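What follows is each chain in one-letter form.
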Amino acid sequence: MTQDIQLKPGWNSVFVQVEPEDRNLENLLDGIPVKSVWAWNKRVDSVQYLTDPEDLLPENPEWLHWEEPDSPSSFTNNLHIIRGGKAYLIHLGGVRNVTWRVTG
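Here's what I pulled together on the structure shown here. Every chain begins its residue count from 1, and numbering advances along the sequence as written. Where totals are concerned, whole chains, interfaces and linings use all residues; where local detail is concerned, this predicted model gives features only for residues with pLDDT of at least 70, and gives and counts side-chain atom pairs only at 80 or more. Side-chain figures throughout are based on the complete set of non-hydrogen atoms in the structure, without hydrogens or water.

Details of the overall build of the chain
Right, so step 1: Helix and strand labels come from DSSP, where a helix needs a run of H or I of at least four residues and a strand needs a run of E of at least two; each type is numbered from the N terminus. Each helix and strand in the chain was counted, giving one helix and six strands.
Right, so step 2: Start at the N end of the chain and walk to the C end: the helices and strands fall as β-β-α-β-β-β-β.
Right, so step 3: Summary of the burial criterion: residues with accessible area below 20% of their type's maximum are buried, those above 50% are exposed, and those between are partly exposed, where the area comes from a 1.4 Å probe applied to protein chains only. The burial tally for the chain puts 31% of its 104 residues in the buried class.
Right, so step 4: Whether two residues are in contact is decided by their heavy atoms, any of which lying within 4.5 Å being enough. Counting contacts in the chain only where the partners sit at least 6 residues apart, residues at least 24 apart contribute 74% of the total.

Things to note about the nonpolar core
Right, so step 1: Counting 21 residues, the largest nonpolar core has L7, V34, V37, I82, Y88, I90 and W100 as its most contacted members.
Right, so step 2: Contributing elements (two or more residues each) for this core: strand 1 (2-7), strand 2 (10-16), helix 1 (25-28), strand 3 (34-40), strand 5 (86-92) and strand 6 (98-103).
Right, so step 3: Non-local contacts of I82, meaning those with residues more than four positions away in its chain, are made with V16, E19, P20, R23, L25, L28, V37, Y88 and W100. Residues belong to one nonpolar core when they are buried, are Ala, Val, Leu, Ile, Met, Phe, Trp, Tyr or Cys, and are joined through side-chain atoms within 4.5 Å.

What about the pairing of strand 3?
Right, so step 1: Pairs of strands are assigned from DSSP output, requiring at least two bridges between the strands. Bridge count between strand 3 and strand 5: four bridges; the pairing is antiparallel. Counterpart to V34 in the pairing with strand 5 is L92.

Concerning the pairing of strand 6
Right, so step 1: Residues of strand 6 alternate between two faces, with V98, W100 and V102 buried on one and T99, R101 and T103 left unburied on the opposite face.
Right, so step 2: For strand 1 and strand 6, the ladder comprises six bridges, and the chain directions are antiparallel. Each residue of the ladder has a partner; that of I5, found in strand 6, is W100.

If you want it as structure tokens, here you go:
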């Protein structure tokens, strides 16, 4: 099965339906001028307070991200694979629309 995902320059919100054959992010994006990819990774925790229900724990969003190798902050990358059935924010560089073809 193949899913064609249209990307435009700037930010794109996409839902990958196909479980990629090769889930390695860099392989999947080879030849596409992607600057960064972000995925929401909220960890579910049933604990809502420490000792007092009035003192709720702060909500800390957890994002997985990948930035292009030339980015100064790419050493912090913690997103390495793409999974099917998940949503991603993709920042496309350049000035042209691109079709990202995911096969799985």
